[in-house]
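Tertiary structure, described
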Amino acid sequence: MRQEGDDSRLFFRGFQNRSQEKMKLRKRKSTLYLSPRKSALRHGDLLGESIYLVLFTIALRICNCFLVQTSFVPDEYWQSLEVAHHMVFNYGYLTWEWTERLRGYTYPLIFASIYKILHLLGKDSVQLLIWIPRLAQALLSAIADIRLYSLMKQLENQQMAKWVFFCQLCSWFTWYCCTRTLTNTMETVLTIIALFYYPLEGSKSMNSVKYSSLVALAFIIRPTAIIPWIPLVFRHFWQEQKKLDLILHQFLPIGFVTLSLSLIVDRIFFGQWTLVQYNFLKFNVLQNLGTFYGSHPWHWYFSQGFPAVLGTHLPFFIHGCFLAPKRYRILLVTVLWTLLVYSMLSHKEFRFIYPVLPFCMVFCGYSLNHLKTWKKPALSFLFLSNMLLALYTGLVHQRGTLDVMTHVQELCYNKPNKSSASVFIMMPCHSTPYYSHVHYPLPMRFLQCPPDLTGKSQYLDEADVFYLNPLNWLDKEFHNDSTLPTHLIIFSILEEEISTFLISSNYERTAVFFHTHLPEGRTGSHIYVYERKLKGILNRR
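This write-up is about the structure you can find in this document. For clarity, every value in this text was computed on a predicted model and none was experimentally measured. Sequence positions are assigned chain by chain, starting from 1 and proceeding in written order. Given that this is a predicted model, residues contribute local features only at a pLDDT of at least 70 and side-chain atom pairs are listed and counted only at 80 or more, while totals for whole chains, interfaces and linings are drawn from all residues. Only hydrogens and water are set aside when side-chain values are computed; all heavy atoms of the structure are taken into account.

**Here's the deal with the packing of helix 15 (residues 300-310) against helix 18 (residues 357-370)**
- Axis definition: a line fitted to C-alpha atoms, over the contacting stretch in the case of helices. Angles run 0 to 180 degrees between N-to-C directions. Going along the chain from the N terminus, every DSSP run of H or I of four or more residues is numbered as a helix, and every run of E of two or more is numbered as a strand. Contact geometry of helix 15 with helix 18 gives a least axis separation of 11 Å together with a crossing angle of 65 degrees. When the axes of helix 15 and helix 18 are compared, the crossing they make is right-handed. Residues Phe306, Val309 and Leu310 of helix 15 pack against Leu357, Cys360 and Met361 of helix 18. For a crossing to be left-handed, the near helix must be turned anticlockwise from the far one by less than a right angle; the clockwise case is right-handed. Contacts are residue-level and defined by heavy atoms, with any inter-residue pair within 4.5 Å sufficient.

**Quick look at helix 22 (residues 470-477)**
- Three or more residues of helix 22 are buried, namely Pro470, Trp473 and Leu474. Burial along helix 22 is one-sided: seen end-on, the buried residues are contained in an arc of 95 degrees.
- In this structure, the buried residues of helix 22 make contact with strand 3 (423-426), strand 4 (444-446), helix 21 (462-468), helix 23 (492-495) and helix 24 (499-504). With a 1.4 Å probe rolled over the protein chains alone, any residue whose accessible area is under 20% of its type maximum counts as buried; one over 50% counts as exposed, and the rest are partly exposed. Taking the helix axis as origin, the arc is that swept by the directions to the C-beta atoms.

**Describing the sheet that holds strand 7 (residues 526-532)**
- Strand order in the open sheet made by the five strands is 4-3-5-7-6, with mixed pairing throughout. In the strand order of this sheet, the two ends are held by strand 4 and strand 6 (507-514), each with one partner. Across this sheet, the average inter-strand angle for adjacent strands is 20 degrees, counted without regard to direction.
- A strand pair is defined by DSSP finding two or more bridges across the two strands. As judged from the three bridges shared by strand 3 and strand 4, these two strands associate in the parallel manner. Bridge pairing in strand 4 links Val423 to Met444.
- Along the sheet, helix 20 (residues 400-413) contacts strand 3, strand 4, strand 5 (487-491), strand 6 and strand 7; its crossing angle with strand 6, the most-contacted strand, is approximately 130 degrees.

**Observations concerning the state of the cysteines**
- Note that a disulfide, as used here, is simply two cysteine sulfur atoms within 2.5 Å. With the rule as written, the count across this model stands at one disulfide.
- Here Cys429 engages in a disulfide with Cys449; their sulfurs sit 1.6 Å apart. Because the torsion about its S-S bond is 70 degrees, the bridge between Cys429 and Cys449 counts as right-handed. Taken together, the residues Cys429 in the loop between strand 3 and strand 4 and Cys449 in the loop between strand 4 and helix 21 connect sequence positions 20 residues apart. Residues Cys429 and Cys449 agree in their burial class; the two are buried.
- Cys178 forms no disulfide, and the closest cysteine sulfur to it belongs to Cys177, at a distance of 8.0 Å.
- Taking relative accessible area as the criterion, Cys178 reaches 1% and is therefore assigned buried.

Next comes the structure, spelled out in structure tokens:
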């Protein structure tokens, strides 16, 4: 009996072992037991989403990039590409912000790396130097769009995510800004991706280390990026049970590492230890010296800025605010907080509130999701109104300052006597890009406009002095004909006022470029290029 019992036990053990082997084989075949990464690859996913969705978004943003051929603000060139060009090719212009160490080299270093690679490959043509950085920014914006879609799919469902995604893609201001080399654009990209990892109720991708690292990087690139995150970080801290661990093991180490990297990068390029984030906040927030570049009333963001940036999304945003669940209240608080903080500063711009625009798309998506009868007309209205505005601002409005630089490129590369050419841009300072869009050490000059940092009460910069009496300024500046530039670039509004100088100095208009249908102040509707001709040539004509 004992022998039979032993035999039966051996039989059952053998049966169990064979069963386990079969089970192991089944586990290997089943996708349920694959790692998430392998499972995603097997289903053709990328960034956790359908590869078709990812490729569509990237393709759209690339088209977006090529359909934006206008200028917005000087910073998209002068605080990024121009600095990167100077870093790699040792010529270019650094504005007063760099001499005063108000800007950090972390963001321009991204484009300087691209320039260096192109230079080493012998492919540093001017067109590639212009477009590759913008395509890189477009790719990052596409990744941010996908992350916003993924987040909403986690928090709600695919249907809801689809409407938020639609609102994000057809936003005219996002289209207008997301491929520009602005620190505000990178700030927005990092904010969206950080929100994907932020511990929102219902999120499956929350990761405190990742989101706080992205926020820290955004702060390094643009210190005011911390403004929208103050209520979000405070909420996280308030709800966290292990508050001390959050501070000591996550926030402080991440802050220390990112700030140290920023200090090292700036130490290398400035040649001395500099905390640019403090200098930036001191100038723009504490001293409020940004008013030198214009000021607006306190209510401007609420009465003009925010409605203009949202455009035709505004009624859907308001409607969505009443429909969205309470867990999204923190996003609404963040939007209002950001508007209030920026309203306290005298100098205001549309691009400053761009980082909270994706937050608004969440509420717009809620509105569309709850529409029944009027859904198709609402979608058509949103799409058409935004695309018309996006195409007009991207292809028509303020395009002259880029077109004229293409003319300057031709002057450098197509003229046999290019070494004798020189250009004076007699326009409001920083109206055009500079050497980053020419890529040739052509002698160029523009009217300067640094702010007064000494406290003078009646301070006037070079551009202000010029526009007070252009003819008088030109007579004093060019009393000797040998110092005259070969080419002048002016707005059409200035032509009549300096016509006597143009005639007496033998300048002839050689090119005209449309700029805007809405000229104002010192900005004209067209840009004129004047070339100085020899008297003999003029007489023969």
